[in-house]
Amino acid sequence: MYPQIFTAAEGVDQAFLIILGFAVFILVAVTVTMLYFLWRYHYTRNPQPTDIKGSVSLEIIWTVLPTLIVLGLFWTGWTSFKAMRTIPEGAMIVGVEGRMWSWRFTYDNGKTSKELVIPVDTPVKLALTTRDVIHSFYVPAMRVKWDLVPGMDSDAWIQSDTLGDYDIFCAEYCGLKHADMITILRVVDQEEFDTWLNGEEEPAEEKLGMSLLEDFGCFDCHSMDLSEDAAPTLLDLGSREETVVLPDGTEKKIRPDEAYIRQSVRDPGAALVKGWDDMMPPYGDELSDAQLGIMASYLLKGGQGKDKGQALADELGCLGCHTDDGSDDVGPTFLGLYGSERKGKTSDGKPYVLKADDDYIREAILNPSAEVPEGYDDQMPAFDDLDKGSVDQLIGYIRSLGKKDAE
Ligand code: CUA
């Protein structure tokens, strides 16, 4: 049998072997008896058939014995099942979300991952949910298989005393790419786990950039999403092209870089983004050059919508159904989607023609059933629990993939 790494699931293999043993024994016993009877009561050996009328003792034996066997088999299954259902107290909790067609694991500290990483020798409770249809979380090496049912919170637990990588499958047919719902369970030592869990978070510099922007009140007027109340959004700054107006009234196309950001903070009026008033106060000595540099690199790098949006689209499983290279999959491709004309039917069957702008894409993410594009099925789950910033990042990402129609 496939090696087994989950102590509490040892009973599963045992129950399997016992049931298999009995099944083979009964198969052989019945077959042998049948062959013997065929031979023994052949008419050449037994020309006069005997009419046997009941036998109480035989009837008791063939009722009681199978009952005991079945109860015994049930017992072996039940005890191993119970061991797997008794989640140790204080187990580390990891959220497991299944959706068409990928997995997402969420840790206590908010970290999310496409792979399940757990420390060795530590009981882990899995909180299982699905976003759309029924999936089944299956780790063959753990003998753990549990269904994720829409609207139901289920759980399971695992623990491994062996380091290594193990397969995770979806064991319930869930649509076209069911077979792609594969990921990895990585069992690592505690030290590596801690590094993994706490690493890869936003690098310190990014955090610093964000907190500087907060401290200096930048977000009182600017947003990091697509909303623009009092000032241009800072989202996607590094991948944007802006028209700026110089003090003498001439217009110039620029790509915001560090020099531009520095200038905009020290002397906002020197090159105003077209359409905005010169109302931002210049920042002088209260903001050091070093601080300004951190903010600028954060905005140009960390604040850039494309990478984050792409990472998010990948992590949320969007790219399981949508491509970014123009090939159509289960859902429309993201390439050239932004700004294109979308045709389809609304949820009540009315045809629509719409331009794929921010609002259209936002609706398509939050409430995909409302407008289903022509040629596609209404099968995307609603991502209505996404916060606004995340939706904006996704929109920014799709927008960054280009427009079909020139403006
Ligand atoms: Cu999910 Cu099959």
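Residues numbered from 1 in each chain as written. Predicted model: local features only at pLDDT ≥ 70, side-chain atom pairs only at ≥ 80, totals over all residues. Heavy atoms only, no water.

A. Summary view of the nonpolar core. Counting residues in hydrophobic clusters, the biggest one holds 42 residues, and the most contacted among them are Y107, L116, F137 and L185. Domain assignment of the residues forming this core places at least three in each of domain 1 (7-45 + 56-85) and domain 2 (92-198). Of all hydrophobic cores here, the second largest spans 20 residues; its members include A313, L316, L394 and L401. (Core = buried A, V, L, I, M, F, W, Y, C linked by side-chain atoms within 4.5 Å. Buried < 20%, exposed > 50% of the residue type's maximum accessible area, 1.4 Å probe, protein only. Domains from an automatic or database assignment.)

B. Highlighting the domain arrangement of the chain. Domain annotation of the chain identifies domain 1 (7-45 + 56-85), domain 2 (92-198), domain 3 (205-300) and domain 4 (308-406). Just the C-alpha atoms count here: the centres of domain 3 and domain 4 sit 29 Å apart.

C. Representation of the sheet that holds strand β13 (residues 272-273) in the model. Ordered in space as β12-β11-β13, the 3 strands form an open sheet in which the pairing is antiparallel. Since the sheet does not close on itself, it has two edges, and those belong to β12 (251-254) and β13, each with one partner. Bridging between strand β11 (residues 242-245) and β12 involves 4 bridges; their strand directions are antiparallel. Looking at β12, one finds that V244 is bridged to K252. (Pairing = 2+ DSSP bridges. Helix = DSSP H or I, 4+ residues; strand = E, 2+ residues; numbered from the N terminus.)

D. Geometry of helix α2 (residues 56-85). With 30 residues, α2 extends 42 Å between its outermost C-alpha atoms, agreeing within 8% with the 44 Å of an ideal straight helix rising 1.5 Å per residue. T76, S80 and M84 are the residues of α2 that are buried. Close packing links the buried residues of α2 with α1 (10-40), β7 (144-148) and β8 (154-158). (Expected span 1.5 Å × (residues − 1). Contact = heavy atoms within 4.5 Å.)

E. Expanded view of the packing of α1 against α2. One way to put it is that α1 packs onto α2 with a least axis distance of 8 Å and a crossing angle of 165°. Here α2 runs roughly antiparallel to α1, going by the angle between their axes. As α1 runs across α2, the sense of the crossing is left-handed. In contact with G11, V12, A15, I18, I19 and F22 of α1, α2 contributes I69, L73, T76, G77, S80 and M84. (Axes fitted to C-alpha atoms, helices over the stretch in contact; angles between N-to-C directions. Parallel < 35°, antiparallel > 145°, perpendicular 65-115°, else oblique. Left-handed = near helix turned anticlockwise from the far one by under 90°.)

F. Region of the structure containing a nonpolar patch on the surface. A cluster of nonpolar side chains, M1, F16, L17, L20, V24, L27, V28 and V32, forms an exposed patch at the surface whose accessible area comes to about 780 Å². A residue is classified by how much of its surface remains accessible, and M1, at 60% relative accessible area, is exposed. (Patch = residues over 30% accessible without salt bridge, like charges linked within 9 Å, V, L, I, M, F, W, Y side chains within 5 Å. Areas by Shrake-Rupley, 256 points an atom, 1.4 Å probe, with all protein chains shown as cover. Salt bridge = Lys/Arg side-chain N within 4 Å of Asp/Glu carboxyl O.)

G. Examining the state of the cysteines more closely. Tallying each qualifying case throughout the model produces 0 disulfides. In this model C318 remains outside any disulfide bridge; the closest cysteine sulfur is found in C321, 8.8 Å from its own. For C318, a relative accessible area of 15% translates into the label buried. (Disulfide = S-S within 2.5 Å.)

H. Looking closely at the side chain of K111. Locating K111 in the fold gives a position in the loop between β2 (102-106) and β3 (112-113). A distance of 3.2 Å separates a polar side-chain atom of K111 from the backbone oxygen of W196. (Polar contact = N/O pair within 3.5 Å; in protein donor to acceptor, adjacent residues only side chain to side chain.)

I. Region of interest: the pattern of salt bridges. Under the defined criterion, the tally for this structure stands at 15 salt bridges. Put simply, K114 and D314 hold a salt bridge, and the shortest N to O gap is 3.1 Å. Placement of K114 in the loop between β3 and β4 (116-119) and of D314 in helix α7 (residues 305-315) is noted, with a sequence separation of 200 residues between them. What makes K114 partly exposed here is its relative accessible area of 39%. Note on D314: relative accessible area 32%, which makes it partly exposed. Among the salt bridges present, the one from D392 reaches K388, with a minimum N-O distance of 3.0 Å. Of the two residues, D392 and K388 are both situated in helix α9 (residues 388-400); the distance of 4 residues between them amounts to about one turn of the helix. Where salt bridges share partners, they join E258, R262, R266 and D289 into one cluster.

J. Molecular detail of the sheet that holds strand β14 (residues 341-346). Judged by pairing direction, the sheet is antiparallel, and its 3 strands sit side by side in the order β15-β14-β16 without closing on themselves. The open sheet terminates on both sides in strands that have one partner only, identified here as β15 (351-355) and β16 (371-373). Here the strands of the sheet are splayed against their neighbours by 45° on average, with no regard to which way each runs. Looking at chain direction, β14 and β16 are connected through 3 bridges and run antiparallel. From the neighbouring strand, T346 faces β16, where its bridge partner is E371. Set on the sheet, helix α8 (residues 358-366) makes contact with β14, β15 and β16; between it and β15 the angle comes to about 125°.

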